[in-house]
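# Survey of secondary and tertiary structure
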Amino acid sequence: MTAAVARALADVLDHETATGRVVLDWSGDPIADALPLRLIGGLHALHRAGHAVGFDGDVDRLRAALVEHDATLLPWLDGPPQTNEPGRSAALMVGLLHLAQRYGPRFEVLELGSSAGLNLLIDRYRFDLGGVMVGPESPVLLQPEWRGPPPPSAPVEIGAVRGVDVAPIDLIDRAAATRLAAYVWIDATERQVRLDRAIAMVRRHGVALDRGDAAAWIDAQLAEPQQEGVTRVVLHSVVWQYLGPERQARIRDAIYAAGARATVERPFGWVMLEPNRDLAAHEVRMRGWPGDRGMEVVANAHAHGAWIEGLRTPQPAGDYVLSGVAPV
């Protein structure tokens, strides 16, 4: 449906509306700026509010909606789409299971680029990962289609979860929640239900989400005392590419310094779901300290958590994720 609306917009946009003028006279790169998705997000928000805007294929209705809702749609062009997909927690949990098998069940989690904080609920979601059950009873069950061998079956106890984002989304704000939901497309009904339930969990119980620069934040967090018998882990998903080379290098240095300090009593880990541009795939990668094994790929995954494919043997990840900076 989203693709059909995108095609139809090419035919119905004109200079008669403010929205049409901004789109057609866009000064930047409309694809790099995700311009079509900005506008379609606004249309989807109107549809979710009960307005007929042409998602049923009615091109005339779409043309009329651009006129009728011009003032409402225009602000949607001001910023890029915002997503926070709780399904990615399933991929991150796979990495935690590999660390749990190595170091034990107890974890302290630090997430970079938390957005609205939905993956900070990783300790409150229920997971079914190829038959491996993890987590408490929960309104949100993450049960991706599983391919390949299952992950390690190991107990996981997450005692603390904290995250940071340069511009965190406050889900108590109805407008912010509406915007987040509008970027889950109309036919992705399972994702929409999952998102709505996760938002309700954040509103009910809250999450520990800080506003700040990821590099400065992780420096401060890793300087805090670590409890004995607890593995401290840095997590992130589809965020590394947005940090830029300088911030990537600072975070990398902080993580590897923490790894060098790790002991059997106070282990340390790094878990991520990030795209491998060379393979056009999203990979679950992890590394743990102490130990001499480098970063490894332990699974491949759909970007939104629809499926996960476990690997029979973890594979060396290479250094591309570190922007060409060799690990310590």
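Note on numbering: residues in each chain are counted from 1, in written sequence order. For this predicted model, a pLDDT threshold of at least 70 governs which residues receive local features, and a threshold of 80 or more governs which side-chain atom pairs are given and counted, while totals over whole chains, interfaces and linings are taken from all residues. To obtain the side-chain values, all non-hydrogen atoms of the structure were used and water was disregarded.

### Quick look at the overall build of the protein chain
The secondary structure content of the protein chain amounts to 10 helices and 12 strands. For 328 residues, the compact-globule estimate of 2.2 N^0.38 gives 20 Å, and the C-alpha radius of gyration of the protein chain, at 21 Å, lies within 12% of that figure. Counting only C-alpha atoms and orienting by the principal axes, one finds that the protein chain spans roughly 65 × 40 × 35 Å. Partly exposed describes any residue whose relative accessible area lies between the buried limit of under 20% and the exposed limit of over 50%, with all areas from a 1.4 Å probe on protein chains only and scaled to the type maximum. When the 328 residues of the protein chain are sorted by exposure, 52% land in the buried category. Throughout, a residue-residue contact means that at least one pair of heavy atoms, one from each residue, lies within 4.5 Å. Across the protein chain, the fraction of contacts at a sequence separation of at least 24, relative to all contacts at a separation of at least 6, is 69%. Note that accessible areas follow from Shrake-Rupley with a 1.4 Å probe, and for residues the cover is restricted to the protein chains shown. Of the roughly 14,800 Å² that the protein chain leaves accessible, carbon and sulfur atoms contribute 52%. Under the convention used here, Asp and Glu are negative, Lys and Arg are positive, and both His and the chain ends fall outside the count. Note that the charge is assigned to NZ on lysines, CZ on arginines, CG on aspartates and CD on glutamates. On the protein chain, the mean spot of the 32 positive side-chain charges and the mean spot of the 41 negative ones are 4 Å from each other. In DSSP terms, a helix is any run of H or I states spanning at least four residues, a strand is any run of E spanning at least two, and both are numbered starting from the N terminus. Throughout, the radius of gyration refers to the C-alpha atoms, and the reference size of a globule is 2.2 Å times the residue count to the power 0.38.

### What about helix H4 (residues 59–68)?
Within the sequence span of H4, burial applies to Leu-62, Ala-65 and Leu-66. Here the buried residues of H4 occupy an arc of 100 degrees about the axis, which is enough to place them on one side. Exposed residues on H4 whose side chains face more than 90 degrees from its buried face are Asp-60, Val-67 and Glu-68. The elements touched by buried residues of H4 are helix H1 (2–12), helix H3 (35–48) and helix H5 (70–73). The N-capping residue of H4, defined by a side-chain oxygen 3.1 Å from the backbone nitrogen of Asp-60, is Asp-58. Here the arc refers to the directions that run from the helix axis out to each C-beta atom. We call two N or O atoms a polar contact when they sit within 3.5 Å, provided that within protein one can donate a hydrogen and the other can accept it, with sequence-adjacent residues counted only if both atoms are side-chain atoms.

### Regarding the sheet that holds strand E3 (residues 132–134)
Ordered in space as E3-E2-E4, the 3 strands form an open sheet in which the pairing is mixed. The open sheet has two edge strands, E3 and strand E4 (141–142), and neither has a second partner. Fitted lines through C-alpha atoms give the axes, limited to the stretch in contact for helices. The angle between two N-to-C directions lies from 0 to 180 degrees. Along the sheet face, helix H6 (residues 88–103) touches strand E2 (126–129), E3 and E4 and points at about 75 degrees away from the line of E2. Paired strands are those between which DSSP finds at least two bridges.

### A short note on the layout of surface pockets
Volume-wise, the largest pocket comes out at about 1,200 Å³. Contributing to the lining of the largest pocket are 36 residues, with Pro-81, Gln-82, Thr-83, Val-238 and Tyr-242 lying nearest its centre. By the convention adopted, Pro, Cys, Tyr, Trp, Phe, Met, Ile, Leu, Val and Ala count as nonpolar, Lys, Arg, Asp and Glu as charged, and the other residues, Gly among them, as polar. For the lining of the largest pocket, the per-class residue count stands at 17 nonpolar, 11 polar and 8 charged. A 1.4 Å probe that fits into a set of points on a 1 Å grid over the protein atoms alone but cannot get out defines a cavity; an open set with protein on both sides within 12 Å along at least five of seven lines defines a pocket, and lining residues are those with an atom within 4 Å of a point. Grid points are joined across faces, edges and corners, and a volume is the space filled by probe spheres set on the points.

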